[in-house]
Amino acid sequence: MRVALQEAEKAYEKGEVPIGAVVVHQGRVIGKGYNQVEELQDPTAHAEILAIGAAASALGSWRLEGATIYVTIEPCPMCMGAILLSRLDKLVFGARDHRLGACGSVMSIPENCKLNRRFKVTSGILREECSLLLSSFFQNLRKATKSLKPTI
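An account of the accompanying structure is given in this report.

What counts, and where the lines are drawn
Residues numbered from 1 in each chain as written. Predicted model: local features only at pLDDT ≥ 70, side-chain atom pairs only at ≥ 80, totals over all residues. Heavy atoms only, no water. Helix = DSSP H or I, 4+ residues; strand = E, 2+ residues; numbered from the N terminus. Rg over C-alpha atoms; globule rule 2.2 N^0.38 Å. Buried < 20%, exposed > 50% of the residue type's maximum accessible area, 1.4 Å probe, protein only. Core = buried A, V, L, I, M, F, W, Y, C linked by side-chain atoms within 4.5 Å. Contact = heavy atoms within 4.5 Å. Salt bridge = Lys/Arg side-chain N within 4 Å of Asp/Glu carboxyl O. Pairing = 2+ DSSP bridges.

As for the overall build of the chain
For the chain, the helix and strand inventory stands at five helices and five strands. Counted from the first residue to the last, the chain has its helices and strands arranged as α-β-β-α-α-β-α-β-β-α. The C-alpha atoms of the chain give 16 Å as radius of gyration, which agrees with the globular expectation for 152 residues (15 Å, within 12%). Overall, the C-alpha framework of the chain stretches about 60 × 30 × 25 Å when taken along its three principal axes. The 152 residues of the chain split such that 39% are buried.

A short note on the nonpolar core
If you look at the biggest cluster of nonpolar residues, it comprises 25 residues, and the most contacted ones within it are Val 23, Ile 69, Met 80, Ile 83, Leu 88 and Leu 91. For this core, the elements supplying multiple residues, two or more each, are strand 1 (20-25), helix 3 (47-59), strand 3 (67-73), helix 4 (77-85) and strand 4 (90-95). Not counting residues within four places of it along the chain, the set of residues in contact with Ile 83 comprises Ile 52, Ile 69, Pro 75, Leu 88, Leu 91 and Phe 119. Counting residues in hydrophobic clusters, the runner-up holds nine residues, among them Met 1, Leu 5, Val 92 and Leu 133.

Digging into the pattern of salt bridges
With the rule as written, the count across this model stands at five salt bridges. Where Glu 129 meets Arg 2, a salt bridge forms, and the shortest distance between an N and an O atom there is 2.5 Å. One end of the pair, Glu 129, is in helix 5 (residues 127-148); the other, Arg 2, is in helix 1 (residues 2-13), with 127 residues separating them in the sequence. Taking relative accessible area as the criterion, Glu 129 reaches 35% and is therefore assigned partly exposed. Of the charged contacts, one joins Arg 96 and Glu 74 as a salt bridge, the two residues approaching to 3.5 Å between their closest N and O atoms. One end of the pair, Arg 96, is in the loop between strand 4 and strand 5 (120-123); the other, Glu 74, is in the loop between strand 3 and helix 4, and 22 residues separate them in sequence.

Description of the pairing of strand 4
Two faces belong to every sheet, and in a regular strand the side chains alternate between them. Across the six residues that make up strand 4, a large majority, five, are buried. In the sheet, strand 3 pairs with strand 4 via five bridges, with the strands oriented parallel. Pairing of Tyr 70 across the sheet is with Val 92, part of strand 4. As judged from the four bridges shared by strand 4 and strand 5, these two strands associate in the parallel manner. Counted as the bridge partner of Val 92 is Thr 122 from strand 5.

Dropping the structure here:
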């Protein structure tokens, strides 16, 4: 999770929402990513999607069985779809996302009994650090936005 936090810090430095993700297989990192939605002007350029893509390239297969993804925040529905389809065995995340979280906060995709894939989910790992990075980013963003507003 510390490596995922380092990835999130890269996003923060570039003005992106600071979310990082890392895919680990057999004890080694095979994929990393951080949010690059603004940089790439791509709504799908979430940390998880980029880390999964890098991991698939590293293994030469889209099937990431036996791998774990570590994410600084609870994945959104799009990223949960990618986690399901890539056949990751485990998801570990830090902070909850009460706006878009798809692992229990807004909805719970892993608990949907109609899905044919199951994987383990662990939450709350380095929760405080993950949450602090996000809240700091949005506080700074609000301050910057406020300072740009004309005063009457």
